[in-house]
Amino acid sequence: MVADFVSADYGWLQSTDGEQHTRLLLKVGKNCEGYFQNKDVLEHAAKVMDILERDYPQDDHLLIFDNAPTHTKRAPDELSAGKMPKGTPKGDKNWGVEVVVRDDQGKIVHGTDGKPKKTKARMRNATFLNGNPQLLYFPDNHMYSGKSKGMAVILKERGFKNALQLRAQCKNFKCANLLTGTGTVPACCCRRLLFNQPDFVGVRSLLETACTGRGFAILFLPKFHPELNPIEQCWGCAKLKYPLNPPSPKEALVEANVLDALSSIDLKLIRRSRFLDAYRQGLCPELVVWAAKKYHGHRVVPQNVLALFNVAHEIG
Ligand SMILES: [Zn+2]
């Protein structure tokens, strides 16, 4: 697997002296180098930002990522209404989020079964509309000291007086109106109501926090639309060039051929954006794919592309 960053201005990203680049080659699989995980994405992004900060400080940078779970992962203790119970747990029970146990060096601790050890931790504080923190666990001097408040109490503290009377959640969390609890739409269940609260909606991914914390803008593309990502055209081009090499069982040669295919892509191709141009014209995804194929080699698609599509498909 290859991971890299590409820019219409710089091409494949590298330091201005050519000494450092951002291309990562990973032999994925259980018995190889594992899989590209969120921590790898964060390390990769940090390296990218190091180079951009040092060598390209004159430009404003926007880092674009696919909307993939490895990119959008949130901190384990981040706000989430997903699994929170409605009430305060009874007896000795308490509620918390599941987190992986790590040692002093930050390495994951494994149990005797070989799986990562997990423990329960507190969810972090929420935020009231006025900006004040809201504790999700009862304070020390309270009769339920340290216990999770649960959704109903959290909502009641936010002014939803009927929260205790609401059901925990609608069946399978398929609420009749997804905007329930916002504006004038009445609340149907605690989970949807909490889910739609601004601080629960506004939770940032670890990647977003890392990038914006260093002054870089970040954009996640819409889900299931990797074709909007200009790097896809580069991968596509490299995949066409790679098989032109004779097949080889030797790993080193395979790797060299992959690198060769990638470096053969010129900046002109990177700057082409037929997909984006088609979207700009307001075309639906099926039409965008058709237009991108039909006008392969063109930087933009014609203005009358919809009429041409209709003629090609004998519509109208
Ligand atoms: Zn509901």
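Residues numbered from 1 in each chain as written. Predicted model: local features only at pLDDT ≥ 70, side-chain atom pairs only at ≥ 80, totals over all residues. Heavy atoms only, no water.

Contact pair helix α1 (residues 38–55) / helix α6 (residues 206–213): the axes reach a minimum separation of 10 Å and the direction vectors enclose 15 degrees. As judged from the angle between their axes, α1 and α6 are roughly parallel. Read as a crossing pair, α1 and α6 show a hand that is right-handed. Between α1 and α6, the contacting residues are Asn38, Val41, Leu42, Ala45 and Met49 on the first element and Leu206, Leu207, Ala210 and Cys211 on the second. Residues that form the contact of α1 with α6 fall into these classes: 8 nonpolar, 1 polar and no charged. (Axes fitted to C-alpha atoms, helices over the stretch in contact; angles between N-to-C directions. Helix = DSSP H or I, 4+ residues; strand = E, 2+ residues; numbered from the N terminus. Parallel < 35°, antiparallel > 145°, perpendicular 65-115°, else oblique. Left-handed = near helix turned anticlockwise from the far one by under 90°. Contact = heavy atoms within 4.5 Å. Nonpolar A, V, L, I, M, F, W, Y, C, P; charged D, E, K, R; others polar.)

Here helix α8 (residues 251–263) is 13 residues long and its end C-alpha atoms lie 18 Å apart, about the 18 Å a rise of 1.5 Å per residue gives. Every buried residue of α8 is listed here: Asn257, Ala261 and Leu262. Around the axis of α8, the buried residues are gathered within 135 degrees of arc, so they sit on the same side. Where the residues of α8 are buried, they touch β1 (2–3), β3 (11–12) and α7 (231–241). (Expected span 1.5 Å × (residues − 1). Buried < 20%, exposed > 50% of the residue type's maximum accessible area, 1.4 Å probe, protein only. Arc of directions from axis to C-beta.)

Two side chains of opposite charge can pair, provided their charged atoms sit close to one another. Evaluated as defined, the whole model comprises 9 salt bridges. Between Asp40 and Lys39 there is a salt bridge, with the nearest N and O atoms lying 3.3 Å from each other. Note on Asp40: relative accessible area 16%, which makes it buried. One salt bridge connects Glu53 with Arg214, and the closest N-O pair in it is separated by 2.8 Å. With a gap of 161 residues between them, Glu53 in helix α1 and Arg214 in the loop between α6 and β10 (217–220) connect regions that are remote in the sequence. For Arg214, a relative accessible area of 29% puts it in the partly exposed group. A single salt-bridge network, built from bridges that share partners, covers Asp50, Glu53 and Arg214. (Salt bridge = Lys/Arg side-chain N within 4 Å of Asp/Glu carboxyl O.)

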